[in-house]
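Overview (structure and organization)
Listed below are the residues making up each chain.
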Amino acid sequence: IGSETSLFQIVTLVENAQLAKAPIQAAADSISNVFVPFVVIVSAFTFLMWYYAGAQNKYPESWLPENESKFIFAMLFGISVLVTACPCALGLATPTAVMVGTGVGARNGILIKGADGLERAAKVNKVFFDKTGTLTQGKPKVLELRAFGSNYTRKQVAEIVAVAEKDSEHPLAHSFVEYAVDTTKKDGEAEDKVVSSQAIPGEGLKCVMKSGISVDIGNEKLIGSENISNEARKFAKEHQSEAHTVVFVSINKVVEGVFAVSDPIKPEAAGVVAMLSRMHIECTIVTGDNIETAKAIASECGIQNVYARMSPKDKAEKISEMKRANPDAVVAMVGDGINDAPALASADVGIAIGCGTEVAIEAADFVLMKSDLEDVAVSLDIARETFRKIKMNYIWALGYNIIAIPWAAGAFYSRTMFQLPPWAAAALMALSSVSVVYSSLSLRSYKRPIATSLNAIRIGGQSIELDSISSVS
């Protein structure tokens, strides 16, 4: 109710982002702090120089306008300098562009939490993707459960796993429960119950049942490679080569079954990687899954860099390591789960999928409300366009003052015989501020990068031909 509604929180995020200062604004503030006293000094100096020149008859009487004294003549030059100089345009260059840029993001379903994150996003040259729920659809389905032990049947393994994973929020847990219901045709209260459980991020789940059995459900790292039989390992590798996730089930330290789970990649995943590649951004997968499955997914998406069997801590450390090894690297992390929160916080820019967990959304700088992977490229493109516009605003604001002040000071009077009246100087000053605002407002015509065909995309309003996705690196 009220401030607790999602809409209110979204509006608050957008408003806070629009009011926040980008780091680049500090440069404008520094210039403005020096600019004002500088202009006052130049204005006074202009008046004194023209007055001295008139008193010493350094210029002919014909230069003076009709019925105007040398004192008034000199004063008008000084006033024009004071009036025409405009620090306002410098001050408006960043906040107006940031305000419009965050509005454009909101209109495209992208929440930008702050101007500092927007500025860092404009410089991103590396993107790390989580796999499950980010590159893949996050709706895994059990393809097969094969029993390998002699103590439990396939249905019994399915029932035990369903009980153990019943209260878990992990997408794989839901698929196990659904599979058990479909296989055993039971959806009522189970006879056995979980007494204690421990979720190990990036590995799986350990629990103890009321019946006294211990159950471990997870990857090879959790189970221990020495506990996996050759038959189970062969079964696992066959599915991993087809981009399927493999989950081992150990009961009382014996591998009794292996799940093969399919989580297809999102239809737009390969296209997004191609779009980012064309923006000169290198893509990498970091996942807790095994290396074979991760490489298969990477191959489908067109990604060459893969880091597998990564715990949440490992993901964050890998990003930190990347930044230490390459000081020029500006890294964005894209994820959706609790496991991704440390990496999202560690990256220069965190991008959370909107359907993800609250922890991931809290740690991110950008939130993709539509959960559309294309919005990763869109968010980075908006950031680049926004800061390209800020730079143009600064060039215009500084260029205006560099040109206008000498004219107002009469530097070209001897050739043009034109004295800029104070009212005209005031009009030019206002025009410079208005032009910066209109320059920022032009961002409202931003065109999001979208796939125009199987072989082309649009970035910044221009159609760019793509090579075949398989050749994208």
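Preceding this section is the structure that the text describes.
These notes cover the structure that comes with them.

1. Topic: the nonpolar core
Counting 61 residues, the largest nonpolar core has Val-127, Phe-129, Leu-276, Ile-303, Ile-351 and Leu-380 as the members making the most contacts within it. In contact with Leu-276, other than residues within four places in its own chain, are Val-127, Phe-129, Ile-281, Cys-283, Val-376, Ala-377 and Leu-380. Listed in part, the 24 residues of the second largest apolar core include Val-142, Leu-145, Met-209 and Ile-251.

2. Remarks on the sheet that holds strand S10 (residues 305-307)
The strand order across the open sheet formed by 7 strands is S1-S13-S12-S11-S2-S9-S10, and the pairing between neighbours is mixed. Each edge of the open sheet carries a strand with a single partner, namely strand S1 (110-112) and S10. The sheet shows a mean angle of 20° between the axes of neighbouring strands, direction not considered. As paired strands, strand S9 (residues 282-286) and S10 are joined by 3 bridges and run parallel to one another.

3. Here we look at empty space enclosed by the protein
Following the criterion strictly, the structure yields 2 cavities of 30 Å³ or more and no others. By volume, the largest cavity is sized at about 50 Å³. Along its surface, the largest cavity is lined by Asn-219, Glu-220, Gln-240, Val-246, Phe-248, Asp-289, Asn-290 and Arg-309. Here the second largest cavity defines a volume of roughly 40 Å³. For the second largest cavity, the full set of lining residues is Lys-131, Thr-132, Pro-140, Leu-172, Thr-245, Val-261 and Asp-263. Its residues assigned to classes, the lining of the second largest cavity shows 3 nonpolar, 2 polar and 2 charged.

4. Structural notes on the packing of helix H16 (residues 374-409) against helix H18 (residues 422-441)
Between H16 and H18, whose axes approach to 9 Å, the crossing angle comes to 170°. Regarding the angle of H16 to H18, the classification is roughly antiparallel. Contacts between H16 and H18 involve Lys-389, Asn-393, Trp-396 and Tyr-400 on the former and, on the latter, Ala-425, Leu-428, Met-429, Ser-432, Ser-435, Val-436, Ser-439 and Ser-440.

5. Thoughts on helix H4 (residues 88-107)
One turn of the α-helix equals 3.6 residues, which is why residues spaced by three or four share an orientation. Taking 1.5 Å as the rise per residue, H4 with 20 residues should run 28 Å; its terminal C-alpha atoms sit 28 Å apart, in good agreement. Listed in full, the buried residues belonging to H4 are Ala-89, Leu-90, Ala-93, Thr-94, Thr-96, Ala-97, Val-98, Val-100, Gly-101, Thr-102, Val-104 and Gly-105. Just downstream of H4, Gly-109 is the residue with a positive phi angle, here 80°.

6. A closer look at the sheet that holds strand S7 (residues 245-251)
Within the open sheet, the 6 strands sit side by side as S3-S8-S7-S6-S5-S4. Their pairing is antiparallel. In this open sheet, the two strands that pair with only one neighbour each are strand S3 (141-147) and strand S4 (194-200). Taken over all neighbouring pairs, the strand axes of this sheet differ in orientation by 15° on average, direction set aside. Sitting on the sheet, helix H7 (residues 154-165) touches S3, S4, strand S5 (204-209), strand S6 (214-218), S7 and strand S8 (254-262), and the angle it makes with S5 is about 100°.

7. Quick word on the pairing of strand S12 (residues 349-353)
Successive residues of a regular strand alternate their side chains across the two faces of the sheet. Burial within S12 is extensive, with 5 of its 5 residues counted as buried. The alternating pattern of S12 places Val-349, Ile-351 and Ile-353 on one face and Gly-350 and Ala-352 on the opposite face, and all of these are buried. Sheet analysis places strand S11 (residues 331-335) next to S12, joined by 4 bridges and oriented parallel. When the sheet's bridge partners are listed, Gly-335 is paired in S12 with Ala-352. Each parallel crossover has a hand, and the one from S11 via helix H14 (residues 341-346) to S12 is right-handed. The sheet contact formed by S12 and strand S13 (residues 366-368) spans 3 bridges and is parallel. Within the sheet, the bridge partner assigned to Ile-351 lies in S13 and is Phe-366.

About the criteria used
- Residues numbered from 1 in each chain as written.
- Predicted model: local features only at pLDDT ≥ 70, side-chain atom pairs only at ≥ 80, totals over all residues.
- Heavy atoms only, no water.
- Core = buried A, V, L, I, M, F, W, Y, C linked by side-chain atoms within 4.5 Å.
- Buried < 20%, exposed > 50% of the residue type's maximum accessible area, 1.4 Å probe, protein only.
- Contact = heavy atoms within 4.5 Å.
- Pairing = 2+ DSSP bridges.
- Helix = DSSP H or I, 4+ residues; strand = E, 2+ residues; numbered from the N terminus.
- Axes fitted to C-alpha atoms, helices over the stretch in contact; angles between N-to-C directions.
- 1 Å grid on protein atoms, 1.4 Å probe; cavity = no way out; pocket = protein on both sides within 12 Å on 5 of 7 lines; lining within 4 Å.
- Points joined across faces, edges and corners; volume = space filled by probe spheres on them.
- Nonpolar A, V, L, I, M, F, W, Y, C, P; charged D, E, K, R; others polar.
- Parallel < 35°, antiparallel > 145°, perpendicular 65-115°, else oblique.
- Expected span 1.5 Å × (residues − 1).
- Right-handed = clockwise from strand over helix to strand, strands pointing away.

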